[in-house]
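Results of the structural survey
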Amino acid sequence: MAAAGLARVLRRYGGRARCCGALRSRPTPLPAAPRRAAAHFAFEPDPAPSAYGQTQKMNLFQSITSALDNALAKDPTAVIFGEDVAFGGVFRCTVGLRDKYGKDRVFNTPLCEQGIVGFGIGVAVAGATAIAEIQFADYIFPAFDQIVNEAAKYRYRSGDLFNCGNLTIRAPWGCVGHGALYHSQSPEAFFAHCPGIKIVIPRGPLQAKGLLLSCIEDKNPCIFFEPKILYRAAVEQVPVEPYNIPLSQAEVLRQGSDVTLVAWGTQVHVIKEVAVMAQEKLGVSCEVIDLRTILPWDTETICKSVVKTGRLLISHEAPLTGGFASEISSTVQEECFLNLEAPISRVCGYDTPFPHIFEPFYIPDKWKCYDALRKMINY
């Protein structure tokens, strides 16, 4: 009986039964985990500016720190607050500022996004400059009511007797390569439907500092989304002294005559590569535009370009349906219909939660944009 039982065990476990305890098989080797692809873009720095004095090599988070430092030094009423900002924040954007300006001007809040924004509205209404940090853009949604129903409408509902225009909300934004569904989202389109706020997304350190300072000084509540994949990957020469880049002005980065390519944030670097590929492989001249400000956006620059090229491709990381590319597409269709040579193309994320293992396949990379461009040219 015992021998028969042992034989069954040996057959079942492939002859690898162990004595001295429970019988168990040697674990089957797990399949190799898919290797993470390198970044889906190549960062190309902007030329060093000469108009703002001395420059210093900075990555994106250092340029944010520099802008916040300038703002606190210039405005004695300015305060920075959010989850973990006192020790520098999870992305180190506020490192050293509490030591320099004191715990009354740079301080932590409870883990309550609704409370952070609500507090910021009160600070701004009282006349101070409020700079709030939401630790990830994915977690800005608990504050949605405060932003949309309070901050955006405060001036209007009081007949301009009161306003919270001194409020700026910063938040790390977009995919990072391993953030999955809760640390990769691009929620700009949710807020673009709301009059009364401004939404800004920079493409690199040089732009980030100038645009952030413009948001802080603007007399409307602003949401400033920071592409977190660029925090360390993007390095440029950035002026040490404060400077401003105008809001609601798109920038033409490359002149072209055949196709207009529009993006913002990280995706700008993708379409810049696409423009080079199109020129080399197809002989197609692409005009590349960084939208920079999502709301209110620069319709004039986009439409002027499309009238010239006759074709438009818009790309963003956020899902296709209801993404801000739809708004741009609709406006261009209305304003430039007789100039269009092909249907407008949108190359965006899929209408799914942001995946983890298959994240590289979700991102609208240069090959997806290039394929869409090629179809547009052949239309």
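The chain is annotated in an unreviewed UniProt entry as 2-oxoisovalerate dehydrogenase subunit beta, mitochondrial from Phasianus colchicus. In UniProt, the chain has this text filed under Catalytic activity (unreviewed entry): "N(6)-[(R)-lipoyl]-L-lysyl-[protein] + 3-methyl-2-oxobutanoate + H(+) = N(6)-[(R)-S(8)-2-methylpropanoyldihydrolipoyl]-L-lysyl-[protein] + CO2". On record in UniProt, under Subcellular location (unreviewed entry), the comment for the chain is "Mitochondrion matrix".

Some points on empty space enclosed by the protein
Within the structure shown, the criterion is met by one cavity of 30 Å³ or more. In this structure, the largest cavity spans a volume of roughly 30 Å³. Around the largest cavity, the lining residues are Gly88, Gly89, Val90, Phe91, Arg92, Cys93, Glu133, Arg170, Pro172 and Tyr231. For the lining of the largest cavity, the residue count by class is five nonpolar, two polar and three charged.

Quick look at helix H14 (residues 366–377)
Here H14 is 12 residues long and its end C-alpha atoms lie 16 Å apart, about the 16 Å a rise of 1.5 Å per residue gives. Listed in full, the buried residues belonging to H14 are Cys369, Tyr370, Ala372, Leu373 and Met376. Viewed end-on, H14 has its buried residues packed into an arc of 165°, placing them on one side of the element. Turning to H14, the residues buried within the fold contact strand E10 (259–263), helix H10 (267–282), strand E11 (286–290), strand E13 (312–319) and strand E14 (345–349). The opening residue of H14 is Asp365, an N-cap whose side-chain oxygen sits 3.2 Å from the backbone nitrogen of Trp367.

Digging into the packing of helix H4 (residues 113–125) against helix H5 (residues 144–151)
In contact at an axis separation of 8 Å, H4 and H5 are set at 25° when each is read in the N-to-C sense. Classified by the angle between their axes, H4 and H5 sit roughly parallel to one another. Residues Gln114, Val117, Gly118 and Ile121 of H4 form the contact with H5, whose own contacting residues are Gln146, Ile147, Glu150 and Ala151. Grouping the constituent residues of the contact of H4 with H5 by class yields four nonpolar, three polar and one charged.

Calculation notes
- Residues numbered from 1 in each chain as written.
- Predicted model: local features only at pLDDT ≥ 70, side-chain atom pairs only at ≥ 80, totals over all residues.
- Heavy atoms only, no water.
- UniProt positions renumbered as here; feature names shortened; annotations may be inferred.
- 1 Å grid on protein atoms, 1.4 Å probe; cavity = no way out; pocket = protein on both sides within 12 Å on 5 of 7 lines; lining within 4 Å.
- Points joined across faces, edges and corners; volume = space filled by probe spheres on them.
- Nonpolar A, V, L, I, M, F, W, Y, C, P; charged D, E, K, R; others polar.
- Helix = DSSP H or I, 4+ residues; strand = E, 2+ residues; numbered from the N terminus.
- Expected span 1.5 Å × (residues − 1).
- Buried < 20%, exposed > 50% of the residue type's maximum accessible area, 1.4 Å probe, protein only.
- Arc of directions from axis to C-beta.
- Contact = heavy atoms within 4.5 Å.
- Polar contact = N/O pair within 3.5 Å; in protein donor to acceptor, adjacent residues only side chain to side chain.
- Axes fitted to C-alpha atoms, helices over the stretch in contact; angles between N-to-C directions.
- Parallel < 35°, antiparallel > 145°, perpendicular 65-115°, else oblique.

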